[in-house]
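# Fold and geometry: a report
Listed below, chain by chain, are the residues.
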Amino acid sequence: MYSKSFVKWVVIALLAVMVLAACQPAAETPVVTDTELNLLCTPQEEWCQGMKQEFEAKYGITVNYVRMSSGEALARVNAEKDNPQFDIWWGGPIDSFISAKGSGLLEPYDSPNYANLVDPAKTKDADNQWVGIYMGSLGFATNTDWLAANPGVEAPTSWDDLLKPEFKGQIMVAHPSSSGTSYTALATILQIKGEEAGWEFLKQYAAQVSQFTKSGAAPAKFVGQGEAAVAIVFSHDTVNEIDNNKLPLKLTFPAEGTGYEIGGMGIMKGAKHMQAAKLWFDWALTAEAQALGPTYKAYQAPTVKGVTLSHPELMEVNLIDYDFQWAGTNKKAFVERFTNEIVSADNLKQ
Ligand code: PLP
């Protein structure tokens, strides 16, 4: 048996440990008094809606979101610079976030969850103004019914194939002024071919296009429905149309190399719900949040550790060493040049 004084000291020691534990700051749960979050959401509607609901259920904070393609979103945050209506911008290629950083629109944030990133050197801004939340490669989606009706014609496997006479008026892609997908294609072509030859190529390629769309993923759907033969889209968007919408599409990649996106996230400078924005930012960098993608038909590769890739093959293609800094810094000038000299942004297909 233990002596009474031994038991007394054990009880005192236990109480002391409990008091000390209770005094520790709750490092995992920052105090958030915001009850709302205004989210600018650039990925597909279904993923935006799903993430809104997941966040609301987890944290009890109402998320008001607007879905906008990258170029529209960038124009909007630039216009609202002095009175930002959004607290956080989630999704869309980081070229736009690099451009937004250059315009002084983003709030630096040192998230504890940067530690979760697989490749922080590549997927995080050195000044903590943006971070990568997914990655995806560009590819071609060709309508297989159209291929069957055109014997001898093969799905494109190089950028130059897009200029073949059989694809005249048969290509669909978004316009780089509204779409981050399309801007990634433009910047990829300039990087592969060099600027001078690249702009010449872009002129010829634009002449092959039947219609430019507003949103980046839309051409996969339109081509799957038979409106044209080939779409230039992110490969995960093609996977979505094949797997979920059963559209007759074949996915191919340019053998000489293709561009890819790092999907970005950044907090708006002057955000009215700064605590909630930081909470979303931290959450979006967890394995738990990034693993939700396929639930909402988003098949991009995650940027954090501990998430199984739904489609690893999409990133196992020949990727160019895409220069995100260069693409982001030149975005405004390149989009203006494309719009003024090649194809205007009027009458984009919705
Ligand atoms: N939707 C998905 C699934 C994407 O991967 C991306 C790119 O980040 C976008 C939308 C971006 O849309 P947009 O090209 O319309 O700017």
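Residues numbered from 1 in each chain as written. Predicted model: local features only at pLDDT ≥ 70, side-chain atom pairs only at ≥ 80, totals over all residues. Heavy atoms only, no water.

Now for the overall build of the protein. Helix and strand counts for the protein stand at 14 helices and 11 strands. Taking all 350 residues of the protein together, the buried fraction comes to 53%. Counted over contacts in the protein with a minimum sequence separation of 6, partners at least 24 positions apart contribute 78%. Accessible area for the protein stands at about 15500 Å²; split by element, carbon and sulfur atoms hold 54% of it. Both charge centroids of the protein, one from 27 positive and one from 40 negative side chains, sit 5 Å from each other. (Helix = DSSP H or I, 4+ residues; strand = E, 2+ residues; numbered from the N terminus. Buried < 20%, exposed > 50% of the residue type's maximum accessible area, 1.4 Å probe, protein only. Contact = heavy atoms within 4.5 Å. Areas by Shrake-Rupley, 256 points an atom, 1.4 Å probe, with all protein chains shown as cover. Lys, Arg positive; Asp, Glu negative; His and termini not counted. Charge placed at Lys NZ, Arg CZ, Asp CG, Glu CD.)

What follows deals with the packing of aromatic side chains. Tallying each qualifying case throughout the model produces 19 aromatic pairs. On the numbers, 4.6 Å between centres and 45 degrees between planes, the contact of Tyr-322 with Phe-324 is tilted. Phe-324 matches Tyr-322 in its accessibility class, with the two residues each being buried. Directly above the ring of Tyr-114 sits Lys-124, whose terminal nitrogen or CZ lies 4.8 Å from the centroid. One residue, Lys-349, lies across the ring of Phe-222, its end atom 4.3 Å from the ring centre. (Phe/Tyr/Trp six-rings, centres within 6.5 Å; stacked < 30°, edge-to-face > 60°. Lys NZ or Arg CZ within 6 Å of the ring centre and 35° of its normal.)

Turning our attention to the nonpolar core. Formed by 57 residues in total, the largest nonpolar core has its most connected members in Trp-89, Trp-159, Leu-162, Leu-186, Tyr-205, Phe-212 and Ile-232. Take this core: its biggest share by element is six residues, from helix H7 (residues 180–193). The residues that make up this core include at least three from each of domain 1 (36–135 + 262–311) and domain 2 (136–260 + 330–342). Apart from the residues lying within four places of it in its own chain, the contact partners of Phe-212 are Val-173, Ala-174, His-175, Ala-206, Phe-338, Val-343, Leu-348 and Lys-349. With 35 residues, the next largest nonpolar core counts Met-51, Ile-88, Val-131 and Met-265 among its residues. (Core = buried A, V, L, I, M, F, W, Y, C linked by side-chain atoms within 4.5 Å. Domains from an automatic or database assignment.)

As assigned here, the protein comprises domain 1 (36–135 + 262–311) and domain 2 (136–260 + 330–342). Spacing between the C-alpha centres of domain 1 and domain 2 amounts to 26 Å. Across the boundary between the two partners, domain 1 contributes 17 residues, which contact 21 residues of domain 2. Counting each side, the surface lost to burial between domain 1 and domain 2 is near 1500 Å², with a carbon and sulfur contribution of 57%. The largest share of the area that domain 1 buries against domain 2 comes from Asp-95, Lys-297 and Tyr-299, three residues that together contribute 28% of it. Counting every contact that joins domain 1 to domain 2 gives one salt bridge. Between Lys-214 and Glu-72 there is a salt bridge; the shortest N-O distance is 3.3 Å. Counting across the interface, domain 1 meets domain 2 through eight residue pairs in polar contact (both at pLDDT 80 or more). (Buried area = accessible area lost by both parts, 1.4 Å probe. Salt bridge = Lys/Arg side-chain N within 4 Å of Asp/Glu carboxyl O. Polar contact = N/O pair within 3.5 Å; in protein donor to acceptor, adjacent residues only side chain to side chain.)

Its location among the elements puts Thr-123 in helix H5 (residues 120–123). The contacts of Thr-123, once residues within four sequence positions are left out, are Leu-117, Trp-130, Val-131, Gly-132, Met-135, Ile-262 and Thr-303.

Taken together, 19 residues are adjacent to the ligand, and Ser-69, Tyr-134, Thr-181, His-236 and Glu-261 come closest. Arg-67 places a polar side-chain atom, nitrogen or oxygen, 3.4 Å from an oxygen atom of the ligand. His-236 has a polar side-chain atom sitting 2.6 Å from an oxygen atom of the ligand. Its free accessible area being 400 Å², the ligand has 98% of it covered by the protein chains. Looking at the shell around the ligand residue by residue, the classes come out as four nonpolar, 12 polar and three charged. Mapping the shell around the ligand onto the domain boundaries places at least three of its residues in each of domain 1 (36–135 + 262–311) and domain 2 (136–260 + 330–342). (Near = heavy atom within 4 Å. Nonpolar A, V, L, I, M, F, W, Y, C, P; charged D, E, K, R; others polar.)

Burial along strand S6 (residues 171–174) is two-sided: the face carrying Ile-171 and Val-173 and the face carrying Met-172 and Ala-174 are both buried. Summarising the sheet, S6 and strand S7 (residues 209–213) pair through four bridges and their orientation is parallel. Directly across from Ile-171, in S7, lies its bridge partner Val-209. Note: S6 against strand S8 (residues 230–234), two bridges, orientation parallel. Across the sheet, residue Ile-171 finds its bridge partner in S8, namely Val-230. (Pairing = 2+ DSSP bridges.)

Here the focus is the environment of Val-230. For Val-230, the location among the structural elements is in strand S8. Overall, Val-230 belongs to the buried group, its relative accessible area being 0%. In the structure, Val-230 is positioned 138 residues away from Gly-92 in sequence and 22 Å away in space, judged by C-alpha atoms.

Structurally, a disulfide amounts to a covalent bond that connects the sulfur atoms of two cysteines. Across all of its chains, the model carries one disulfide by this definition. One disulfide in the model links Cys-41 with Cys-48; its S-S distance is 2.1 Å. Torsion about the S-S bond of the Cys-41 and Cys-48 cystine: about -100 degrees, corresponding to left-handed handedness. (Disulfide = S-S within 2.5 Å.)

Here we come to the pairing of strand S5 (residues 131–143). In terms of burial, S5 is a largely internal element, 13 of the 13 residues being buried. With six bridges joining them, S5 and strand S10 (residues 260–268) adopt antiparallel strand pairing. Residue Met-135 lies in a different strand from S10, and its bridge partner there is Ile-262. As defined by bridge partners, S5 adjoins strand S11 (residues 301–302) across two bridges and the pair is classed as antiparallel.

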